[in-house]
Amino acid sequence: MKPVATITNLLWGAANVASYRRFSQALQEPERVQQERLRTYLRANATSAFGRKYDFASIHDYETFAQRVPLMDYEDLEPWIVRICKGEADVLTCERVTRLVPTSGSTGARKLIPFTAGLQGEFNAAVGPWLVDLLRQSSGIAGGPAYWSITPVAGFEQETDSVVPVGFDTDTAYLGGTRQRLANAVMAVPTALGKVSDIECFRYLTLLCLLRERDLRLISVWHPSFLTLLLEKKVTEWDDLLADIRKGTCKHGGRVPGEVIEALNLRPLPRRAAELAEMDARKPELIWPELKLISCWEDGAAGLAAAKLRSIFSQTWIQAKGLLATEACVTIPFGGQNPVAVESHFFEFMDDGGKILRVHELQEGQTYEVIVTTAGGLWRYRLRDSVRVEGFVGRTPSLRFLGRSGNVSDLCGEKLAEAFVVQVLQKTLAGLEKRPDFVFLAPDTDDESNPHYTLYAEGNLPERFDAVIEQALRENPHYAYCRDLGQLKPLRVFQINERAEEKFFQRAVAKGARLGELKPMGFSKVTGWSEFFEGRYG
């Protein structure tokens, strides 16, 4: 046990006790809490440009709000966000936008989500109760350092002409203020490592930091494959890592900014190196005997990767993250369930028939699409996430994430949408002298440990056309990030011999679609097409 880490963790937990109590009470009265949150938004933003357009000052109940403000996709809000990029104030909210956080777009390559102090407070209102609940369930978590995932700058490097800064480089940046400082104080890997753009170097340094920490207690990542790929590198780099731990050096030192090397605070640890040398590099539970929890995605398309992680850490508590997006925090793990974060944002839900419901109106066993309004300026925003009500915590629904609604594929967090992929295909095919007769893109999981996307085509394609498509897809920052980390393998081409369109329709009809309503598409989120078509990989 490390006294400094223990004290810091307990201070961090104590700082969140009040939010834990508020959240616990809010779970018993979600209707009242949500009504008050909506009223607060309307009052606070009545004089914003958006508030004036929809006359927030005259809205006094939910029914009027729902009648007056339409459901929004990013494309509806994008003109307003462009104004924020140019430096205009009081656009979507009356709060200053401190950051624009990039995430994958549907028709465009990426979206920029406004981040304000109010939105930061809303994330804290969710993370705080989750943290206290963890400490209540496993006090041993407080006894040592934690690893909260860090995004290397290569993940979201992209030129922008925004006056407002774009992007965060760490998970803890969402917390801000004292909570961020407390979180950083117990980090096993310093946040400065986010400045390392070379992915292989980033992975090596991350492992170097983690292996030095025998008392590691908590690991928080997003997609489970981030961690499994890191562990695979540990095996191949084992001897070099042990040498650097023993001597207090770093074999990549010449490729790393000086401020990062300084933040690593490397010093010789010969006893730790000797201890590790007696261990099997493929058995991480021996390497970190005090590890209590791994937090990661487990629902939807992450299920296979989570199962693999469980087989590696058979004795460690692996907790599924709540539904946490760049735009909003929808649910948090709490008391063994995943209740809606009713203290954080205002929520609406659309059922399969298009009816809009509020939190207190949801029914167990039913499936809904999430709609959210936040302090950051997203108004009646369709997250395109599909959830099912699994039960209740108090009077608040507990939700399970099912996947992305609409034609969106999300194997590892890349969130490729049909509209964006179609634009990529149109742009890349437009320059060809002779186009293929049939072409579309789909995810491919023929090898569960190496998912990738496949371009299916009937007819000729130029040599290296897969590289052209790949480069265009990388305009989506999440796709580029998953590729750089190795979570997604390179795109492949499958050359279909004949009757591609007929076969395509046959499979759709077999799954219940009506033949008369079908149309060729440039994208399918369904896997397994390589087994259905006659042909070969190029």
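Criteria and cut-off values
Residues numbered from 1 in each chain as written. Predicted model: local features only at pLDDT ≥ 70, side-chain atom pairs only at ≥ 80, totals over all residues. Heavy atoms only, no water. Helix = DSSP H or I, 4+ residues; strand = E, 2+ residues; numbered from the N terminus. Contact = heavy atoms within 4.5 Å. Areas by Shrake-Rupley, 256 points an atom, 1.4 Å probe, with all protein chains shown as cover. Pairing = 2+ DSSP bridges. Axes fitted to C-alpha atoms, helices over the stretch in contact; angles between N-to-C directions. Salt bridge = Lys/Arg side-chain N within 4 Å of Asp/Glu carboxyl O. Buried < 20%, exposed > 50% of the residue type's maximum accessible area, 1.4 Å probe, protein only. Arc of directions from axis to C-beta. Core = buried A, V, L, I, M, F, W, Y, C linked by side-chain atoms within 4.5 Å. pLDDT = per-residue confidence, 0-100. Parallel < 35°, antiparallel > 145°, perpendicular 65-115°, else oblique. Left-handed = near helix turned anticlockwise from the far one by under 90°. Nonpolar A, V, L, I, M, F, W, Y, C, P; charged D, E, K, R; others polar. Phe/Tyr/Trp six-rings, centres within 6.5 Å; stacked < 30°, edge-to-face > 60°. Lys NZ or Arg CZ within 6 Å of the ring centre and 35° of its normal. Polar contact = N/O pair within 3.5 Å; in protein donor to acceptor, adjacent residues only side chain to side chain.

## Considering the overall build of the protein chain
Of regular secondary structure, the protein chain possesses 20 helices and 17 strands. Partitioning the contacts of the protein chain with sequence separation of at least 6, the portion at a separation of at least 24 is 68%. By element, 48% of the accessible surface of the protein chain is carried by carbon and sulfur atoms, the whole surface being about 22900 Å².

## A few points about the sheet that holds strand 15 (residues 452-458)
An order of 14-15-16-17 is seen for the four strands of this open sheet, with the pairing classed as mixed. In the strand order of this sheet, the two ends are held by strand 14 (438-444) and strand 17 (535-537), each with one partner. Strand after strand, the sheet turns through a mean of 20° between neighbouring axes, direction not considered. Note: strand 14 against strand 15, seven bridges, orientation antiparallel. Bridge assignment links Val-439 to a residue of strand 15, and that residue is Ala-457.

## Here's the deal with the pattern of salt bridges
Two side chains carrying opposite charge are able to pair once their charged atoms lie near each other. A full pass over the atoms with the stated rule returns 29 salt bridges. Between Arg-22 and Glu-343 there is a salt bridge, and its shortest N-O distance comes to 3.9 Å. With Arg-22 in helix 2 (residues 17-26) and Glu-343 in the loop between strand 6 (317-320) and strand 7 (346-350), the pair connects residues that are 321 residues apart, well separated along the chain. Each of the salt bridges in this network shares a partner with another, and the network as a whole consists of Glu-200, Arg-203, Lys-233, Glu-237, Asp-240 and Lys-251.

## Side note on helix 13 (residues 270-277)
Of the residues making up helix 13, those classed as buried are Arg-272, Ala-273 and Leu-276. Taken down its axis, helix 13 places every buried residue within 100° of arc, on the same side. In this fold, the buried residues of helix 13 make contact with helix 9 (199-212), helix 11 (238-247) and helix 14 (284-287).

## Describing the nonpolar core
Membership of the largest hydrophobic core comes to 120 residues, with the highest contact counts inside it found for Phe-50, Phe-56, Phe-65, Leu-92, Leu-227 and Phe-349. Counting residues per element, this core draws most heavily on helix 9, which supplies 10 residues. In this structure Phe-65 touches Leu-38, Leu-42, Ile-59, Phe-346, Glu-348, Thr-373, Trp-379 and Arg-380, once residues within four positions along its chain are discounted. Residues Leu-411, Val-439, Ala-457 and Leu-461 belong to the second largest nonpolar core, which totals 25 residues.

## A closer look at the confidence of the model for the protein chain
Summing up the model confidence of the protein chain, the mean pLDDT is 85 and the portion of residues at 70 or higher is 87%. Counting interchain partners and residues more than four positions distant, the pLDDT-below-50 stretch residues 513-518 has seven contacts.

## Looking at the packing of helix 9 against helix 11
Contact geometry for helix 9 and helix 11: axes closest at 10 Å, N-to-C directions at 60°. As judged from the angle between their axes, helix 9 and helix 11 are oblique. In this structure, helix 9 crosses over helix 11, and the sense of that crossing is right-handed. Between helix 9 and helix 11, the residues in contact are Tyr-204, Leu-207, Leu-208, Leu-211 and Arg-212 and Trp-238, Asp-240, Leu-241, Asp-244 and Ile-245, respectively.

## Side note on the sheet that holds strand 9 (residues 367-373)
The strand order across the open sheet formed by five strands is 8-7-9-10-11, and the pairing between neighbours is antiparallel. Only two strands of the sheet have a single partner each, and these edge strands are strand 8 (356-358) and strand 11 (396-404). Across the sheet, the mean angle separating the axes of adjacent strands is 45° when strand polarity is ignored. Examined bridge by bridge, strand 7 and strand 8 share three bridges and lie antiparallel to one another. Each residue of the ladder has a partner; that of Phe-349, found in strand 8, is Leu-357. Contacts from helix 3 (residues 30-44) reach strand 7, strand 8, strand 9 and strand 11, with the element oriented near 110° to strand 7.

## Focus: unusual backbone geometry
Unusually for a residue other than glycine, Asp-55 sits at a positive phi of about 50°. Mapped onto the fold, Asp-55 is located in the loop between helix 4 (49-53) and helix 5 (62-68). You can call Asp-55 partly exposed: its relative accessible area is 38%. A positive phi angle, close to 50°, is found at Arg-380, a residue other than glycine. For Arg-380, the location among the structural elements is in the loop between strand 9 and strand 10 (381-393). Residue class for Arg-380 comes out buried when judged on its relative accessible area of 4%.

## Digging into the packing of helix 2 against helix 7 (residues 117-137)
In the contact formed by helix 2 and helix 7, the axes pass within 8 Å of each other and the chain directions differ by 100°. One element, helix 2, and the other, helix 7, form an angle in the roughly perpendicular class. Facing helix 2, whose interface residues are Val-17, Ser-19, Tyr-20 and Phe-23, helix 7 presents Gly-128, Pro-129, Val-132, Asp-133 and Arg-136. Of the residues assigned to the contact of helix 2 with helix 7, the class counts are five nonpolar, two polar and two charged.

## Focus: the packing of aromatic side chains
We describe a pair of aromatic rings using the distance from one ring centre to the other and the angle between the two ring planes. This structure, assessed with the given rule, holds 27 aromatic pairs. With centroids separated by 5.6 Å and ring planes inclined at 70°, the aromatic side chains of Phe-438 and Phe-440 adopt a geometry described as edge-to-face. The buried category is assigned to Phe-438, whose relative accessible area is 5%. You can call Phe-440 buried: its relative accessible area is 0%. What links up through ring pairs into an aromatic cluster is the set Tyr-41, Phe-50, Tyr-54, Phe-56, Tyr-62, Phe-65, Trp-80, Phe-346 and Trp-379. Here the guanidinium or amino end of Arg-492 rests over the ring plane of Tyr-537, the centre of that ring lying 3.8 Å away.

## Some points on the side chain of Lys-321
Summarising the element assignment, Lys-321 is placed in the loop between strand 6 and strand 7. Look at Lys-321 and you get buried, because its relative accessible area is 12%. Apart from the residues within four sequence positions on either side, Lys-321 is in contact with Ser-220, Val-221, Trp-222, Ser-295, Cys-296, Trp-297, Pro-333 and Asn-338.

## Remarks on the side chain of Ser-295
Along the chain, Ser-295 turns up in strand 5 (residues 293-296). Here Lys-321 takes part through its side chain, which lies 3.1 Å from a polar atom of the side chain of Ser-295. Filtering out sequence-adjacent residues up to four positions away, Ser-295 remains in contact with Trp-130, Ile-219, Ser-220, Val-221, Gln-319 and Lys-321.

## Let's talk about the environment of Val-439
By the secondary structure assignment, Val-439 is in strand 14. Val-439 sits 18 residues away from Ala-457 along the chain, and the two C-alpha atoms are 4.3 Å apart.

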